[in-house]
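Fold and geometry: a report
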Amino acid sequence: MEITEHIQTLAAEGRLLADAAGEAGPQARVPTCPVWQVRDLLRHTAMVHAWAAAFVAQGHTSYVPDSGESELDGPELLAHFRDGHRFLVEALENAPQDLECWTFLSAPSPLAFWARRQAHETTIHRVDAESARGGALSPIASAHALDGVDELLRGMHARPKSRVRTEAPRTLRVRATDTDAVWTVRLSPEPPSAVREQGPVPTAPVDCELSAAAETLYLTLWNRLPLTALTVTGDPGLARLWRDDSSITWS
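Described in the following lines is the structure provided in the data block.

1. Details of the sheet that holds strand β4 (residues 208–212)
Strand order in the open sheet formed by five strands is β3-β2-β1-β4-β5, and the pairing between neighbours is mixed. In the strand order of this sheet, the two ends are held by β3 (193–196) and β5 (231–234), each with one partner. When the angles between neighbouring strand axes are averaged without regard to direction, this sheet yields 15°. The pairing of β4 with β5 spans four bridges and is classified as antiparallel. Looking at β5, one finds that Cys-208 is bridged to Gly-234.

Next up, the structure:
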């Protein structure tokens with residue numbers, strides 16, 4: 001996906017998140033993050049947006065910690081979220097293509113990294129807000145869902161902090177049934193190593209395969225849908241390993 005597409009997605013997803021949070025109310029429980037109420041979701045996502053925007057707008061070339069979560073609540077908190085989201089979108093829109101700043105995943109450029117990362121950050125937390133509101137979830141475009149699976153497998157879980165590990169080498173295949181997208185994920189005592197396959201669907205045996213349409217795959221791998229949303233072939237223990245150990249945490 002192009003940088004402009006990520007920014008457009010970020011803009012739309014943030015508006016959906018705010019709308020759903022407003023409808024749910026700050027005290028509503030978030031089923032996809034059971035320890036949170038909507039106020040916690042808004043405070044967290046607003047903090048992440050402000051943290052990301054600072055790198056883009058101020059060009060920090062080394063890590064700078066976040067400034068903490070707001071203590072606002074109610075309508076003031078929702079307005080604070082909307083303002084911060086708008087500032088992040090505008091910072092990305094106005095940033096130069098040759099922006100130099102700190103990042104934490106490999107990407108074609110720092111601008112590409114932050115646009116992509118915040119588009120997915122906001123999409124997943126939009127799903128959280130809509131789960132708190134109840135009713136149907138807003139759809140996710142297949143291209144965005146596939147990109148999110150790719151970032152998760154080849155980016156987020158390639159980092160040393162990933163807990164998805166096995167004592168003996170195992171192989172997991174992740175397949176989107178509505179496209180030709182397939183990833184091979186090699187598990188070991190080290191962080192997972194994932195490769196997006198090119199060409200025909202691989203036929204080599206694997207220990208487990210997780211398959212579903214791109215949107216379902218995206219949300220399930222981010223633990224926003226249950227494992228039962230996927231078709232699991234082979235060793236179900238590897239599917240449970242993903243469910244139990246793949247959570248991405250802030251700290």
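2. Considering the layout of surface pockets
Its volume calculated, the largest pocket comes out at about 750 Å³. Along the walls of the largest pocket sit 35 residues, with His-44, Glu-121, Ile-248, Thr-249 and Trp-250 positioned nearest its centre. Mapped by element, the contributors of at least two residues to the lining of the largest pocket are α2 (38–58) and α4 (110–133). Sorting elements by how many residues they give to the lining of the largest pocket places α4 first, with seven residues.

3. With respect to unusual backbone geometry
Unusually for a residue other than glycine, Asn-223 sits at a positive phi of about 60°. For Asn-223, the position within the fold is in the loop between α6 (214–221) and β5.

4. Topic: empty space enclosed by the protein
Summed over all chains, the structure comprises one cavity of 30 Å³ or more. Space inside the largest cavity adds up to approximately 40 Å³. Lining the largest cavity, in full, are Leu-105, Ser-106, Ala-107, Phe-113, Arg-116, Arg-117 and Glu-151. If you tally residues by element for the lining of the largest cavity, the top one is α4, at three residues. By residue class, the composition of the lining of the largest cavity is three nonpolar, one polar and three charged.

5. Concerning the environment of Glu-2
Take Glu-2: it is sitting in the segment before α1 (3–24). Linking Glu-2 and Arg-224, residues 222 residues apart in sequence, is a C-alpha distance of 25 Å.

6. Considerations on α4
Over its 24 residues, α4 extends 34 Å from the first C-alpha to the last, a length consistent with the 34 Å expected when each residue adds 1.5 Å. Counting buried positions over the 24 residues of α4 gives 23, a clear majority of the element. Positive phi shows up at Gly-134, right after α4, with a value of about 90°.

About the thresholds
Residues numbered from 1 in each chain as written. Predicted model: local features only at pLDDT ≥ 70, side-chain atom pairs only at ≥ 80, totals over all residues. Heavy atoms only, no water. Pairing = 2+ DSSP bridges. Helix = DSSP H or I, 4+ residues; strand = E, 2+ residues; numbered from the N terminus. Axes fitted to C-alpha atoms, helices over the stretch in contact; angles between N-to-C directions. 1 Å grid on protein atoms, 1.4 Å probe; cavity = no way out; pocket = protein on both sides within 12 Å on 5 of 7 lines; lining within 4 Å. Points joined across faces, edges and corners; volume = space filled by probe spheres on them. Nonpolar A, V, L, I, M, F, W, Y, C, P; charged D, E, K, R; others polar. Expected span 1.5 Å × (residues − 1). Buried < 20%, exposed > 50% of the residue type's maximum accessible area, 1.4 Å probe, protein only.

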